[in-house]
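Structural description and commentary
Read off the chains here:
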Amino acid sequence: MPDLLVRTWPGKWLKGYAITVLDNLSPQIHGENPDEDSGLFKSIKDQVTFVKGSVTEKNDWLKVLTDQDVIVHYAAATGTGQSMYEVENYTNVNILGTAIMLDLLTNVKHNIKKW
Ligand SMILES: NC(=O)c1ccc[n+]([C@@H]2O[C@H](COP(=O)([O-])OP(=O)(O)OC[C@H]3O[C@@H](n4cnc5c(N)ncnc54)[C@H](O)[C@@H]3O)[C@@H](O)[C@H]2O)c1
């Protein structure tokens, strides 16, 4: 079975893959207690390898990156209005987070075929 690293919530089209999810369970999206509050988290937590971590942390990427075949990267800070006054935070998550992934894909040994 191919291995797939997904940051976002896997849908039916992902059937047939062994799925790993990296997500920081942002309270803004999943509530303060995701085990109770987040329908999204509850719907997938028993079906995937879930790693709580941030795309802004190189070590969190390294925990999940090796031995995957495909990365689907949708991790994002998504408050459009908020992005106007939390510019540094939004830039870190949405730009630096992706840059760290690309840096690791360029410089670390891995099996990723597609992202
Ligand atoms: N929903 C749509 O219809 C749609 C359409 C087109 C593009 N997009 C884009 O897809 C991306 C995701 O959108 P969404 O609707 O799934 O947003 P969402 O807010 O529902 O999900 C974002 C996810 O990212 C996680 N996250 C936030 N910061 C993180 C971090 N530092 N590290 C790891 N995980 C983190 C959150 O916990 C959440 O699970 C965005 O870039 C959005 O613009 C969404």
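This text gives an overview of the structure that appears in the document. (Residues numbered from 1 in each chain as written. Predicted model: local features only at pLDDT ≥ 70, side-chain atom pairs only at ≥ 80, totals over all residues.)

Before going further, it helps to spend a moment on the site of the ligand. Taken together, 18 residues are adjacent to the ligand, and S26, S54, A75, A76 and T78 come closest. Residue assignment for the shell around the ligand shows that the elements contributing at least two residues are α1 (27-30) and α5 (87-107). Grouping the constituent residues of the shell around the ligand by class yields 8 nonpolar, 8 polar and 2 charged. (Near = placed C-beta within 6 Å. Helix = DSSP H or I, 4+ residues; strand = E, 2+ residues; numbered from the N terminus. Nonpolar A, V, L, I, M, F, W, Y, C, P; charged D, E, K, R; others polar.)

Counting buried positions over the 6 residues of strand β2 (residues 18-23) gives 5, a clear majority of the element. The pairing of β2 with strand β3 (residues 49-52) spans 4 bridges and is classified as parallel. Bridge assignment links T20 to a residue of β3, and that residue is T49. (Buried ≥ 20, exposed ≤ 12 C-beta atoms within 10 Å, placed from the backbone. Pairing = 2+ DSSP bridges.)

If you look at the biggest cluster of nonpolar residues, it comprises 11 residues: I19, V21, L22, V55, W61, V64, L65, A75, A77, V93 and M101. Secondary-structure elements contributing two or more residues to this core are β2, α4 (58-65) and α5. (Core = buried A, V, L, I, M, F, W, Y, C linked by C-beta atoms within 7 Å.)

Residues W61, V64 and L65 constitute the buried set of α4. Around the axis of α4, the buried residues are gathered within 100 degrees of arc, so they sit on the same side. D67 lies just past α4 and shows a positive phi near 70 degrees. (Arc of directions from axis to C-beta.)

The backbone of L25 sits at a positive phi, close to 50 degrees, despite the residue not being glycine. Relative to the assigned elements, L25 resides in the loop between β2 and α1. In this structure, D67 is a non-glycine residue whose phi angle is positive, near 70 degrees. Note that D67 resides in the loop between α4 and β4 (70-72). Residue classification places D67 among the exposed residues on the basis of 12 C-beta atoms within 10 Å.

Purely spatial values, then, with no claim about function.
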